[in-house]
Structure formats: structure tokens, C-alpha cells
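Results of the structural survey
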Amino acid sequence: MISGLRVRRRDDTPRRAESRVSDPVLSVRDLRTEFTAREGVAVAVRDVSFDLRRAEKVAIVGESGSGKSALGLSIVGLVDKPGKVVAGQVWLNGREISRLGDRELGRIRGSEISMVFQDPMKSLDPVKTIGDQIVEAIVTHEPTLKRAAARRRAVSLLREVEIPFAEGRYGDYPHQYSGGMRQRVMIAIALASNPDVLIADEPTTALDVTTQAQILALLGKLVEQHHTAVVFITHNLGVVAQFCERVEVMYAGRLVERSPVGKLFEHPIHPYTEALLNAVPRPDRRIERLQAIGGFPPPLTSVPPGCSFEPRCPLGHGRAICRDAKPVALELQGGEGAVIAECHFARDRWQTAAAT
Amino acid sequence: MNSKGGFTPLPGLRERKGDIILRVETLGKKFPSTRRLVGSGEGQTALTQLSFDVARGETFGLVGESGCGKSTAARCILGLVKPSAGRVVFDGVDLADLDRHELRKVRRNMQMAFQDSTASLDARMSALAIVEEPLVIHGLGTRLERRRRAEETLALLGIEPEQARRKPHEYSGGQRQRIGLARSIVLNPELLVLDEPVSAVDVSMQAQILNLLRELQDRLTLAYVFIVHDLAVAEHFCDRLAVLYLGSVMELSDRDSIFRAPLHPYTISLLSAVPIPSPALEDQRERIILRGEAAQDGQESETGCPFRPRCPVGHDRDICRSERPMLERKKADQWVACHFPGELSVGDVMPAAAVPA
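Residues numbered from 1 in each chain as written. Chains lettered and ligands numbered in written order. Predicted model: local features only at pLDDT ≥ 70, side-chain atom pairs only at ≥ 80, totals over all residues. Heavy atoms only, no water.

Focus: the interface of chain A and chain B
Selection criterion: Here a residue-residue contact requires only that any non-hydrogen atoms of the pair lie within 4.5 Å. Throughout this description, the term salt bridge denotes a Lys or Arg side-chain nitrogen within 4 Å of a carboxyl oxygen of Asp or Glu. Polar contact is defined as a pair of N or O atoms within 3.5 Å, subject to the rule that within protein one atom must be able to donate a hydrogen and the other to accept it, and that residues adjacent in sequence are counted only when both atoms are side-chain atoms. The way it works is that DSSP assigns letters per residue, a run of H or I at least four long becomes a helix, a run of E at least two long becomes a strand, and they are numbered from the N terminus.
Taken together, the contact between chain A and chain B spans 50 residues of the former and 56 residues of the latter. Taken together, the links from chain A to chain B amount to one salt bridge. As a salt-bridge pair, Glu215(B) and Arg289(A) come within 3.8 Å of each other at their nearest N and O atoms. For the pair chain A and chain B, the interface holds eleven residue pairs in polar contact (both at pLDDT 80 or more). Those elements giving two or more residues to the side of chain A that touches chain B turn out to be strand E1 (5-8), helix H7 (179-191), helix H8 (209-226), helix H9 (237-243), helix H10 (261-266) and helix H11 (271-279) of chain A. Looking at the side of chain A that touches chain B element by element, the count peaks at seven residues for H8(A).

A short note on the sheet that holds strand E10 (residues 248-254) of chain B
All names here are of chain B. How we decide: The criterion for strand pairing is that DSSP finds at least two bridges linking the strands in question. Axis definition: a line fitted to C-alpha atoms, limited for helices to the stretch in contact. Angles are taken between N-to-C directions and run from 0 to 180 degrees.
Taken together, the eight strands give an open sheet; going across it, the order is E6-E7-E8-E3-E9-E10-E13-E12, and neighbouring strands pair in mixed fashion. Single-partner strands in this sheet number two, and they are strand E6 (110-113) and strand E12 (328-331). Going across the sheet, the axis of each strand differs from the next one's by a mean of 20 degrees, ignoring polarity. Bridge count between E6 and strand E7 (residues 191-195): four bridges; the pairing is parallel. Across the sheet, Met112 pairs through a bridge with Val193, a residue of E7. Packed on one face of the sheet, helix H10 (residues 265-273) meets strand E3 (59-63), strand E9 (240-245) and E10 and runs near 100 degrees to E9.

Observations regarding the packing of H7(A) against H8(A)
All names here are of chain A. Note the cut-off: What sets the label is the angle itself: under 35 degrees gives roughly parallel, over 145 gives roughly antiparallel, 65 to 115 gives roughly perpendicular, and the rest give oblique. The sense of a crossing depends on the near helix, which, turned anticlockwise from the far helix by less than a right angle, makes the crossing left-handed and, turned clockwise, makes it right-handed. In this count, Pro and Cys sit with the nonpolar residues alongside Ala, Val, Leu, Ile, Met, Phe, Trp and Tyr, while Asp, Glu, Lys and Arg are called charged and the others, Gly among them, polar.
As a packed pair, H7 and H8 sit with axes 10 Å apart at the nearest point and diverge in direction by 15 degrees. One finds that H7 runs roughly parallel with respect to H8. In this structure, H7 crosses over H8, and the sense of that crossing is right-handed. Of the residues in H8, those in contact with Gly180, Gln183, Arg184, Ile187 and Leu191 of H7 are Thr211, Gln214, Ile215, Leu218, Leu219 and Leu222. For the contact of H7 with H8, the per-class residue count stands at six nonpolar, four polar and one charged.

Structural notes on unusual backbone geometry
We count it as follows: Accessibility here uses a 1.4 Å probe with only protein chains present; expressed as a share of the type maximum, an area under 20% marks a residue as buried, one over 50% as exposed, and anything in between as partly exposed.
The amide bond that connects Lys81(A) to the next residue, Pro82(A), takes the cis arrangement and shows omega of 5 degrees. Relative to the helices and strands, Pro82(A) is located in the loop between helix H1 (68-75) and strand E5 (83-92). A positive phi angle, close to 50 degrees, is found at Glu196(B), a residue other than glycine. You can see Glu196(B) is positioned in the loop between E7 and helix H7 (203-220). With a relative accessible area of 9%, Glu196(B) lands in the buried category.

Written out as C-alpha cells, the structure is:
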């Protein structure tokens, strides 16, 4: 009856066995990234570890000052002065990539791992046509491809990301495209050589909500088709609920909670996660006052000695253990649906949640 | 404020009169075409036929995506831009009847709060000076009175006098937002136009600001014209709203009606597009993905409904192509501009739990 395109949110087809290979496609271990500023050293990524399985869609949720963008850049080796990855490892397809030189990394970027950013204008060259930029991305990884063939592939990529009149729009410049279309182009470029992992850093934040819906639908379709694993960096909990299967919550440089998406929203363990969920206006929950989280995240140059959330924590504020001792990551549930939280009261909160 | 421009102290709770403070009537704005020096000179219609009332102490939301005209509407309301059609009547006075001097006086009572307070605060002035400035500009009070009033206002926003002498960069983002707000209310206005006050901030900051705005509204009987693109925020905060698309009102209603039973396909598409922070509810949803994007410059259709090219209901229908639908009243407080209102239903895109009872 309705002629607009309707899309079911979840793909109902059962996952094929081979897309759930036991080895993760991406593994991050004890990653540490520091930025040297006048005020001191900002530790944006503080000993972070996580895995990403093939075709999995994981969210890194955090607000500004959490280090989430730095984490994304660290994984693909794009951290530039005054920042530096000072410790840890990044394993991609079984190979450690954090110490690779620019040339090697250049080969891997695009073909095995790609990144899409919030603002396409920062990544697109304003004086080159869209078509030329896509061709550039293609021939970087397939240098033997003839120009004509690369051009054809570029046009078909534009079609794949649903740019209308792709053939004609090939010769346009970035400023002639709308924000939504530019983002589609970024996605086209990022997926041009079929990478195994896509890191998307706030890809829809700058877009109108209906455009966001289009882009998320497109992204969902493409990663499903290509079995691309996605690390979706965002502060938007609605997008997380819509798009991702698993969530890592980031605060002051640490991953403080890991949980399958359903469980996270239903029974958040870390008080920060819970506070975040209570601060968002929701149509299914009408309240007069949103529960704002008082205070502000700590500057990454001077994170509190104990739990970094303690000053703002409704549960731990003022408690000696929270103030003085850093909480350790506690695995509350293992396996594929792992739940891990870094909180001195994680066990209690887990048991309470299990009881309800 | 007394009529001589003298100073009255910040009142406590003003008497809530509940009458209309702002009336916008068939407001329209056309901008001259920027494409050619010579040529059609047709211009671009940024806004057309916008009409709504705001009562004292009430929040009216202007909701829409880029290019919908909400910012243009704000500028017309504040008298910063002359409308091409219609009028803005503030506190019983048509802004067009006022000369520059009188308009300035009216502006004491109608202020704007900016989206990006960091950019709008003078980096060389202390918070106190920033908040005093409107008083200085309007020649109100003695130096001591201005200082006291600025301090009171900042304190109302959680910045104590001892902390008020720093420069903007020495405050956090959230504090800067508060300083900007303090500046907007120091003159004790009755209406505040808020242009996307929370779209550029984090979740936790958003909640703080929204709560603060609500508190200020209750304490000072402030009316708000709230420009927002985030429907979830609009639903939480606004009493009544108008949904705009490419300069025209698609639907105008009280909050509950719009979210319980929206009638316009665009409103429903917007609701469909907004992700709900609940995987359980998201799992149950079907989405309407609109085709294409809102018309770029020069592509606007002169006839027919501006939403037709993307409309899931009307895009193939003759009447939608040929006749622009007028805003019609469907219920006590619900107006829709559509030839087939209600053909699409909110139940098609929202799980029952997310629709107000």
C-alpha cells in the first residue's frame, strides 16, 4: 500500500556458519594513545582491548572527551602529531598492524580496513571530481586495472550507493553534492575494495534525520552483502539500538562496559551507561525532567586516580573504594553474549539485574 | 522594565496570564535568486504561509530538516529580517509598524539564544561583562544595578559571582552555554527564540540544558519558540509544534496529537526515521525510507504539494501534483496541509509502546 521503500530492521535470514568464524577479524590489545598538549599528556585511549568478529556490528558509545574518535584513528594508524599510539597491538586478519610503516598501512587501508568520518568534506578533495576520487581509491588497490574499467567500476559503485543519475554525476565536484550524497560517496570509496572492517566515526551525525535513515539503511544493506564488520562510533543511542548488535561504552579513555545491545539497554551495569540511557528523551517513556548527569567528564590530561566516573556517579560518589581504587574489568557473562563491566559494584548490579 | 527604561529587579514568579504573546500570520519570505545577476530573478521561497500563536509561558516548536525555513522564520520573528509577506505581532504590536528605535525596545522583550554559544561569546570579555552587555546596550540601570542584575542572572544559571569573572575559554562547554543563556534572559524577556539549543551537544549536556530551560520557563514565565530537528527532543519539550518542509507548514498541532495521531505523511516519515533508544522497540519497527532528498535550489515545484516527489502516499497522485494542499483544521488543535491526511498512520511506523496513549 505504501509506495515508499519499506525495510525490515533486522535481517531475518539465519547467519551462515562461515561468517561466524571463531577468530575475530579485528583484535585490539592494551592499546594506549597519548596526545601531548600544553596542559599535559592527554591519554585518550587507555589500555583498551576488544575483539570484533567477522560481519559483526559493534558500537563504541561515548560522548566528547571519551576518546572514541582517537580509538578509531588509532586502529587504522591515522593518529597524527601531537598524538601517538604508545603501546598495545592491533591484529587485523591475524596480522599485527600497529607497527607497520605508511606504505604497508596504505595497502591495508581500503582493502582490509576502511574508515568513514562525520564530515565528508574533510576527506574529499574539493578540486577533484567525485568520479576521479573514487577511481583513485580503486586503482590504489588494483594498480593494474585499466582506467576505463576503473571508471566503469566507479560508476557502478555510485549506483550501489544509490546516487541517482550516477553516470552524469560522476563528473561533479564535491560541493555540487548534498551532505547525504557526499556521505554516500565516502561509503562507496570506503567499501570500494571490499574491506573486512569498516570503522564509521559518527557517519550520520551531521545529516538530517530522514537522510540518516537512508544512509543507515544503505550501510546496513552493504555490510550485509559484503560481510563487512563494522565499528560504529557514535553518541547516538537510538542509532546504536537500530544498527548494532553489541556495544562497548567508552568513558575517559576506557571501555567501561561491554554488552549485547538488547542487554545493555535493558539492564545496564555500569552507572555511566545507566545514566546515559536515562538522559535521553524517548517516545516510549514520557517524563517531565530528564535525568541529567551532573558535572562533566574529566579532562583526559588529569583523570581521577580511582574510578574516573566517581565524581559524577550516583552510586559511587564519595565512596572510598571508588575514589581511591581503579575498578577492574569484571566478566559477568562469557561467550558470544559477553557482559563485562568496570565497576566496583558490577557483581551486585549484575545479580540485581538477573533477579528482575 | 518600567517605561522610562529604568530598572526593576528580577521578579519571582510572574503572573501566568496565558494569553497570546506572539502571533505569526501567513509569514512568508522570498530571497532573491543568488544564481544569476540577470535572468528570471524568481528568487527562492524560504518560507510561505506560516501562521501560529504562542501563549505566555508556552513552548512552540518549529520542527523540520535543512531547508525547511525554520531559521528564516526565527529571523523574521525577531525582526532581524523583513518578511516578504504576512506579519509578526508581538505583544499586540505589529513589528512592521515599528521604526528602528521602537524595534530595539521591543527586542528587550524578545531575545535569541544561539546554538553555538562558544562562537557567540566575545572571547575577550568576562562572563559578567558578557551578561551585562545587553543592559549597557539598552541603557538600563546604573553600573551597580547592572552588575547586580548580571550576577543574579548568572547565579540563576548556576554560575556564582566568584566564578563569573573568567573569560569564555576558561569555562567548560556547558558553562558557556549557560553564559549565553544568561545573556539571553538578563533583560527579562517574555519570549526566547531558541535555535537548535541542544543539537551540537552531548547527551548528558542536552539533558542539563533542557532541564534548565524548563526551570527558567517555570520561574520566569518565559515563552519559547524552539527550533529543533530532533523529534524526540521536540516531543519531550514542546507544547505545540509546526512541522515544516521546504518552507511550508505540513502539520501544526499540540504535542500529544502530533505524536499520538499524526496526519501528514511527512510527519510520519520523520517519526519513522528517528531511531528509538530501545533495541526491543526498534526490532518491531518498519521504516519508511523516503526516496531522494529535499529539492535543491531552483528545483522547487511551483504547483502541487512540495512534498509530493518524496511522498509515499501522494507521489503518483494527480491532485498532489497539480494542487497545493492548504492547511486545514482537522481537529480542535490539529491542522494539516495534505490531500490524503491520515492515509498513512503512525501505527505503520511506531510500535504501540512508543505512541502516547
